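So you can see what is in the structure, the chains are spelled out below.
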Amino acid sequence: MALAFSAESSRKIAEILPRYPNKQAALLQVLHVAQGQFGHVGADVQELVAETLELPPAHVWGVVTFYTMYHRESVGKNVLMVCTNISCMLRGAEDILGHVEKKLGVKPGETTADGMFTLVEEECLAACADAPMMICGDKYFMRLDTGKVDTALDELRKHPRSEH
Amino acid sequence: MPTTRDTKIITKHFGIKDSHTYAVYKADGGYGAFTKALAMQPAAITEEVKKSLLRGRGGAGFATGLKWTFLPKDAPGPGKPVYLVVNCDESEPGTCKDRELITHDPHMLIEGIAIASYALGAAQSYIYIRGEMIAEAKILSAAVAEAYAQGILGKAHATAGRGEWKLDLAVHRGAGAYICGEETALLNSLEGKRGWPRLKPPFPAVKGLFGQPTIVNNVETLMNVPTIVDKGGEWFAGLGMGKSGGTRIVCLSGHVKNTGVYELPIGITFRELIEEVGGGVTGGKLKGLIPGGSSMPPLDPAEIDVPIEFDALMNDPRIKEVEVKPGIKFDMGGGRGLRTMAGSGGVVVFNDQTDVVKLCARIMRFYHNESCGQCTPCREGTGWLDRICARLARGQGRPGDVDLLAEIAHGIAGNTICPLGEAAAWPMLGFLTKFRPDFEQREREGKPVALGAPKSLRTLPIIGQSPLSPRGTTP
Ligand SMILES: Cc1cc2nc3c(=O)[nH]c(=O)nc-3n(C[C@H](O)[C@H](O)[C@H](O)COP(=O)(O)O)c2cc1C
Ligand code: SF4
Ligand code: FES
């Protein structure tokens with residue numbers, strides 16, 4: 001079955017294209033739109049994007065595999081990124097990640113059985129002065145301790161932040 | 001006018017309710033400098049920026065006004081558009097200022113972009129914002145939409161030097177790749193490609209985005225431009241120190257009481273920063289600090305009376321030069337030594353309970369993960385640094401590992417397409433120079449010198465990228 005962009009996605013793409021002198025330059029943005037609609041950008045979605053932008057599928061593949069935010073397989077409703085880089089590490093990020101792993105029962109790179117969370121160990125997320133921290137979609141959780149992690153996970157279970 | 005800690009230029013709206021909106025920005029005189037600029041000749045604006053001694057806040061500290069003059073004389077011209085590209089990819093560990101700046105005051109950035117675009121002759125500019133900054137991209141896009149609605153963007157203005165001139169501005173989201181902060185990788189990413197750095201020359205000012213003359217500037221750099229136009233270059237230069245004008249945003253993190261993002265006089269020393277602004281070191285005594293993002297060689301407690309200023313950090317003899325081996329200094333070329341650099345303004349403080357081997361290993365793992373894989377010394381070298389540092393940190397080091405680390409780092413520096421290779425090699429050599437006994441003891445005894453670090457170093461791959469197959473190479 002051939003995939004198609006929804007009316008909403010098509011409207012967004014139509015808004016994006018005029019910002020650039022050629023279609024290829026819109027690729028990253030269109031991939032974000034595609035991931036927003038389909039949840040991830042597997043081979044079939046990549047083909048749709050390639051067709052839409054008149055690009056060779058191999059080029060789209062090369063780009064998708066280069067950037068870490070494009071998921072080629074389905075991910076949880078929440079993609080939870082825990083920073084373990086230096087400023088966070090100095091402030092206990094390993095304990096935070098360990099606590100999240102224990103609470104969710106998954107390791108980084110894995111998705112919980114209920115499909116609610118995909119856990120990602122992230123590099124510095126530019127909130128070093130509020131370490132340790134994690135991010136989910138557009139929501140920051142900062143100056144964490146285990147109690148704050150528990151509250152955050154409960155909140156995300158109730159209101160997933162699915163943008164990624 | 002002497003600068004005090006109360007002198008605020010680009011954080012002056014922090015803490016004001018709805019500071020991210022057009023209404024609040026405008027009410028405080030916002031976009032007045034833009035109106036003033038349009039009545040000036042473009043070259044006169046560049047001249048003020050030169051006089052202001054504004055230097056790039058993205059890491060290299062290059063003189064902004066001088067960079068603007070590198071555009072070819074015939075640009076912009078028929079068939080030769082000029083682009084201004086704003087670097088908001090902020091991902092250097094320890095750096096968290098641009099994110100705060102656009103959250104609190106996106107219109108100051110837009111005004112800076114508008115003035116710079118007019119000065120440069122750009123009719124289209126792009127803000128490249130890091131992909132993970134979803135919330136910030138929304139704030140920025142909303143502010144851009146407001147600026148369009150107010151006729152600042154997308155509408156022709158009568159100008160003194162470019163006739164009827166109009167600017168379009170687009171927000172372009174990245175998608176997760178530290179290397180896209182490097183300006184030529186960023187341009188490739190904007191063109192819809194993998195973020196692979198390009199060989200220089202040609203420099204972006206000559207052949208940049210879509211093959212056209214392009215200026216790339218950091219967010220903080222451009223946010224200073226409205227004030228420079230408003231108050232004059234000389235006034236701005238007077239705030240600073242030596243050949244560095246204005247104030248500096250410092251991101252203070254790690255083991256201090258008051259971590260935060262602060263706008264400070266450029267001449268403030270690290271000691272004043274830690275003690276007076278940061279409220280002192282927590283959890284122990286000071287062991288050292290990283291002065292400007294994780295790629296900069298660290299300082300030890302004997303070196304913290306140096307001001308946080310670009311030239312001081314490179315030249316002040318109170319900072320020991322980085323060595324390849326004890327007694328043999330690292331040569332940056334032409335016999336020039338490396339002390340450290342002000343970099344991105346990310347100051348990371350660590351106390352004497354810190355396992356510096358592990359800290360260094362985490363930095364190496366980062367650069368290994370983020371190497372784009374194009375050149376062998378960086379792709380392989382960062383991998384070796386990562387693995388050897390990690391095994392030392394885990395207490396499984398082998399005899400000769402410390403010397404090996406220095407040798408590998410030395411072999412990377414100067415032999416790569418882009419500076420990411422140095423971004424790993426410099427801190428590696430820097431850590432060895434400043435904290436060699438910690439590394440040697442770990443090699444010998446396998447145990448951490450300090451407390452609080454016996455846990456194994458995590459070596460799990462990050463989703464979509466394995467430390468063993470760097471980004472961009474076939475798995
Ligand atoms: C590996 C690497 C990463 C970089 N990341 C950033 C970044 O995130 N933000 C930034 O403004 N500059 C970054 N830079 C510096 C840019 O290449 C460029 O010098 C800068 O954006 C120029 O702006 P400025 O002159 O205003 O500082 C990076 C450089 C390298 C080598
Ligand atoms: S130095 Fe590293 S990051 Fe830069 S181009 Fe070479 S491999 Fe890529
Ligand atoms: S190190 Fe964690 S946000 Fe920067």
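See the structure shown above.
All values reported here derive from a predicted model rather than from experimental measurement. (Residues numbered from 1 in each chain as written. Chains lettered and ligands numbered in written order. Predicted model: local features only at pLDDT ≥ 70, side-chain atom pairs only at ≥ 80, totals over all residues. Heavy atoms only, no water.)

1. Let's talk about the overall build of chain A
When you go through chain A residue by residue, the secondary structure sums to seven helices and four strands. Its helices and strands in sequence order give chain A the pattern α-α-α-α-β-α-α-β-β-β-α, from N to C terminus. In terms of overall dimensions, chain A has C-alpha extents of about 50 × 30 × 25 Å along its principal axes. Residues classed as buried in chain A amount to 56% of the 164 residues present. For chain A, the proportion of contacts with a sequence separation of at least 24, taken over those separated by at least 6, is 61%. Approximately 6600 Å² of chain A is accessible, and the part contributed by carbon and sulfur atoms is 51%. Across chain A, 16 positive and 22 negative side-chain charges occur, with their mean positions spaced 6 Å apart. (Helix = DSSP H or I, 4+ residues; strand = E, 2+ residues; numbered from the N terminus. Buried < 20%, exposed > 50% of the residue type's maximum accessible area, 1.4 Å probe, protein only. Contact = heavy atoms within 4.5 Å. Areas by Shrake-Rupley, 256 points an atom, 1.4 Å probe, with all protein chains shown as cover. Lys, Arg positive; Asp, Glu negative; His and termini not counted. Charge placed at Lys NZ, Arg CZ, Asp CG, Glu CD.)

2. Overview of the site of ligand 1
Residue and element names in this part refer to chain B. Among the 17 residues in the neighbourhood of ligand 1, the closest are listed as Gly58, Lys67, Asn217, Asn218 and Thr221. Contact distances for ligand 1 include 2.9 Å between an oxygen atom and a side-chain N or O atom of Asn217. Within the complex, the protein chains bury 89% of what would otherwise be the 610 Å² of accessible surface of ligand 1. When residues in the shell around ligand 1 are grouped by element, the largest group, three residues, is from strand E6 (residues 214-218). Its residues assigned to classes, the shell around ligand 1 shows three nonpolar, eight polar and six charged. (Near = heavy atom within 4 Å. Polar contact = N/O pair within 3.5 Å; in protein donor to acceptor, adjacent residues only side chain to side chain. Nonpolar A, V, L, I, M, F, W, Y, C, P; charged D, E, K, R; others polar.)

3. What about the sheet that holds strand E5 (residues 168-173) of chain B?
Residues and elements named next belong to chain B. Spatial ordering of the open sheet is given by E5-E2-E1-E6, a layout of four strands whose pairing is parallel. Each of the sheet's edge strands pairs with one partner strand only, and the pair in question is E5 and E6. Strand-to-strand twist across the sheet, computed as the mean angle between neighbouring axes with direction ignored, equals 20 degrees. Here strand E2 (residues 122-129) runs beside E5; their pairing, made up of six bridges, is parallel. Considered in E5, the bridge of Ile129 is made with Arg173. Along the sheet, helix H6 (residues 106-120) contacts strand E1 (82-88), E2, E5 and E6; its crossing angle with E1, the most-contacted strand, is approximately 150 degrees. (Pairing = 2+ DSSP bridges. Axes fitted to C-alpha atoms, helices over the stretch in contact; angles between N-to-C directions.)

4. A word on the packing of aromatic side chains
One pair of aromatic rings is described through two measures. These are the centre distance and the angle between the planes. Using the criterion set out here, one finds 17 aromatic pairs over all chains in the structure. An angle of 65 degrees between the planes, with centres 4.8 Å apart, marks the rings of B:Tyr178 and B:Phe366 as edge-to-face. Of the two residues, B:Tyr178 is situated in the loop between E5 and helix H8 (183-190) and B:Phe366 in helix H14 (residues 356-370); the sequence distance between them amounts to 188 residues. A residue is classified by how much of its surface remains accessible, and B:Tyr178, at 17% relative accessible area, is buried. Feature note: the residues A:Tyr20, B:Tyr83, B:Tyr126 and B:Phe210 constitute an aromatic cluster, connected by ring pairs. The ring of A:Tyr140 is capped by B:Arg99, whose NZ or CZ atom sits 4.4 Å from the centre of that ring. (Phe/Tyr/Trp six-rings, centres within 6.5 Å; stacked < 30°, edge-to-face > 60°. Lys NZ or Arg CZ within 6 Å of the ring centre and 35° of its normal.)

5. What to know about helix H7 (residues 146-158) of chain A
Residues and elements named next belong to chain A. In this model, H7 (13 residues) spans 19 Å end to end at C-alpha, consistent with the 18 Å of a helix rising 1.5 Å per residue. If you check which residues of H7 are buried, you get Val149, Ala152, Leu153 and Leu156. Around the axis of H7, the buried residues are gathered within 100 degrees of arc, so they sit on the same side. Seen from the open side of H7, the exposed residues pointing more than 90 degrees away from its buried face are Thr151 and Lys158. For H7, the capping residue at the N-terminal end is Asp145, with a side-chain oxygen 3.1 Å from the backbone nitrogen of Gly147. (Expected span 1.5 Å × (residues − 1). Arc of directions from axis to C-beta.)

6. Description of the site of ligand 2
Around ligand 2 lies a shell of 13 residues, among which B:Cys372, B:Cys375, B:Cys378, B:Thr416 and B:Cys418 are the nearest. Looking at the shell around ligand 2 residue by residue, the class counts come to eight nonpolar, five polar and no charged.

7. Considerations on the pattern of salt bridges
Enumeration over the complete set of coordinates arrives at 43 salt bridges over all chains. Its salt-bridge partner being A:Asp154, residue A:Arg157 comes within 3.8 Å of it at the nearest N-O pair. One end of the pair is A:Arg157 and the other is A:Asp154, both in helix H7 and three residues apart, which spans about a single turn. For A:Arg157, a relative accessible area of 35% puts it in the partly exposed group. Relative accessible area serves as the criterion here: at 40%, A:Asp154 is assigned to the partly exposed category. The salt bridge involving B:Arg271 is made with B:Asp305; its shortest N-O contact spans 2.7 Å. Separated by 34 residues along the polypeptide, B:Arg271 in helix H12 (residues 270-277) and B:Asp305 in the loop between strand E9 (286-290) and helix H13 (310-315) bring together distant segments of the chain. A residue is classified by how much of its surface remains accessible, and B:Asp305, at 32% relative accessible area, is partly exposed. Among the ionic contacts, a cluster of salt bridges with common partners joins A:Glu8, A:Arg11, A:Lys12 and A:Glu15. (Salt bridge = Lys/Arg side-chain N within 4 Å of Asp/Glu carboxyl O.)

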